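Per-entry structural report
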Amino acid sequence: MEVNKKLYESYVKEITPVHSKGVNLLWAFLVGGLICVLGQFVINALMAFGVEKEAAMAWNQLFLIALSILLTGLNLFSKITKFAGAGTLVPITGFANSVAAPMLEYKVEGQVFGIGVKAFTISGPVILYGVFSTWILGILSYILGIWNLGW
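Residues numbered from 1 in each chain as written. Predicted model: local features only at pLDDT ≥ 70, side-chain atom pairs only at ≥ 80, totals over all residues. Heavy atoms only, no water.

As annotated in an unreviewed UniProt entry, the protein is SpoVA/SpoVAEb family sporulation membrane protein from Candidatus Lachnoclostridium pullistercoris.

Here is the structure:
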């Protein structure tokens, strides 16, 4: 039994990929930065065409979400993520991918039990805790406002 355990440990060590943390951090930083630069470019381009800043920022979010979903559907987002790591998980692109990927994976189970249910696998908890934390902050703000300690 001891021999099998040693053989298994050597096998695991042999097939486990070795990663350089420094290189991974560099690629995550560069790709995440490029995503942010792309977003800023979209905002600036829209504003150059006369769109107000608030509207340009909203359209930018829609663009980044749509791009993430498109790349997920084309099976490119996972390849980019494998290369860039956490750099692709800039909140809006990562969240869009985490909602779209399970939907695509389970589409064979149908519109309701496949796509519909899997859409809320990730987004449900995010919405729940987002609303709950906003509610807590609202109560805290109200209490602080009563005592003229508002922020």
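Some words on the side chain of Thr72
Under the convention used in this document: Comment: elements are numbered from the N terminus, with helices defined as DSSP H or I runs of at least four residues and strands as E runs of at least two. The term polar contact refers here to a pair of N or O atoms within 3.5 Å; inside protein, the definition further demands a hydrogen-donor-capable atom paired with an acceptor-capable atom, and it admits residues adjacent in sequence only when both atoms are side-chain atoms. We call two residues contacting when some pair of their heavy atoms lies within 4.5 Å.
The topology assignment puts Thr72 in helix α3 (residues 53–73). Within the structure, Thr72 has its side chain in polar contact with the backbone oxygen of Ser68 (distance 2.7 Å). Beyond its immediate sequence surroundings of up to four residues, Thr72 is in contact with Phe77, Asn97, Ala100, Ala101 and Leu104.

As for the packing of helix α5 (residues 91–105) against helix α6 (residues 111–146)
Our working rule: Axes, fitted as lines to C-alpha atoms, cover a helix only where it is in contact. Angles between the N-to-C directions of the axes lie from 0 to 180 degrees. Here roughly perpendicular refers to angles of 65 to 115 degrees, roughly parallel to angles under 35, roughly antiparallel to angles over 145, and oblique to all remaining angles. Left-handed is the label given to a crossing in which the near helix is rotated counterclockwise from the far helix by less than a right angle, and right-handed is the label when the rotation is clockwise. In the scheme used here, Gly and all other residues not listed as nonpolar or charged are polar, with Ala, Val, Leu, Ile, Met, Phe, Trp, Tyr, Cys and Pro taken as nonpolar and Asp, Glu, Lys and Arg as charged.
Packing of α5 against α6 leaves a shortest axis separation of 7 Å and a crossing angle of 155 degrees. Judged by the angle between their axes, α5 and α6 are roughly antiparallel. In the crossing of α5 with α6, the sense of the turn from one axis to the other is right-handed. Across the interface between the two elements, Phe95, Ser98, Val99, Pro102 and Met103 of α5 pack against Ile115, Lys118, Ala119, Ile122, Ser123 and Val126 of α6. Residues of the contact of α5 with α6, tallied by class, amount to 8 nonpolar, 2 polar and 1 charged.

Considerations on α5
Rule in force here: Here the expected length of a helix is defined as 1.5 Å per residue gap, with one fewer gap than residues. Relative accessibility decides the category of a residue: with a 1.4 Å probe and only protein chains considered, values under 20% of the type maximum give buried, values over 50% give exposed, and everything between is partly exposed.
Between its terminal C-alpha atoms α5 stretches 21 Å, which fits the 21 Å expected from 15 residues at 1.5 Å a residue. Among all positions of α5, only Thr93, Gly94, Ala96, Asn97, Val99, Ala100 and Pro102 are buried. Contact partners of the buried residues in α5: α2 (21–48), α3, α4 (77–84) and α6.

Describing a nonpolar patch on the surface
Stated formally: Note on patches: the residues involved have over 30% relative accessible area and no salt bridge, like charges join within 9 Å, and the nonpolar side chains Val, Leu, Ile, Met, Phe, Trp and Tyr join within 5 Å. Each accessible area is a Shrake-Rupley estimate made with a 1.4 Å probe; only the visible protein chains count as cover when residues are assessed. Criterion for a salt bridge: a side-chain nitrogen of Lys or Arg within 4 Å of a carboxyl oxygen of Asp or Glu.
Residues Leu128, Tyr129, Phe132, Trp135, Ile136, Ile139, Tyr142, Ile143, Ile146, Trp147 and Leu149 make up a contiguous nonpolar surface patch of about 1200 Å² in total accessible area. Secondary-structure assignment places Phe132 in helix α6. What makes Phe132 partly exposed here is its relative accessible area of 46%.

Remarks on the UniProt feature "transmembrane region" (unreviewed entry) in the protein
Definition in use: UniProt positions are given in the numbering used here, feature names are shortened, and annotations may be inferred rather than shown by experiment.
In this structure's numbering, the residues bearing the UniProt feature "transmembrane region" (unreviewed entry) are residues 25–46, 58–77, 83–105 and 126–147. Summarising residues 25–46: 100% helix, 0% strand, and an end-to-end C-alpha distance of 32 Å. The annotated region residues 126–147 carries 95% helix and 0% strand content, and the separation between its end C-alpha atoms amounts to 32 Å.

Some thoughts on the environment of Val99
On the secondary structure map, Val99 appears in helix α5. Residues Val99 and Ile136 lie 37 residues apart in sequence; the distance between their C-alpha atoms is 26 Å.

Some points on unusual backbone geometry
For residues other than glycine, phi is negative in most cases, and the peptide bonds are mostly trans. Positive phi is not limited to glycine here, since Asn75 has a value of about 60 degrees. One can find Asn75 in the loop between α3 and α4.

As for the environment of Glu109
When you line up the elements, Glu109 lands in the loop between α5 and α6. Remark: the alpha-carbon pair of Glu109 and Val51, spanning 58 residues in sequence, is separated by 42 Å.

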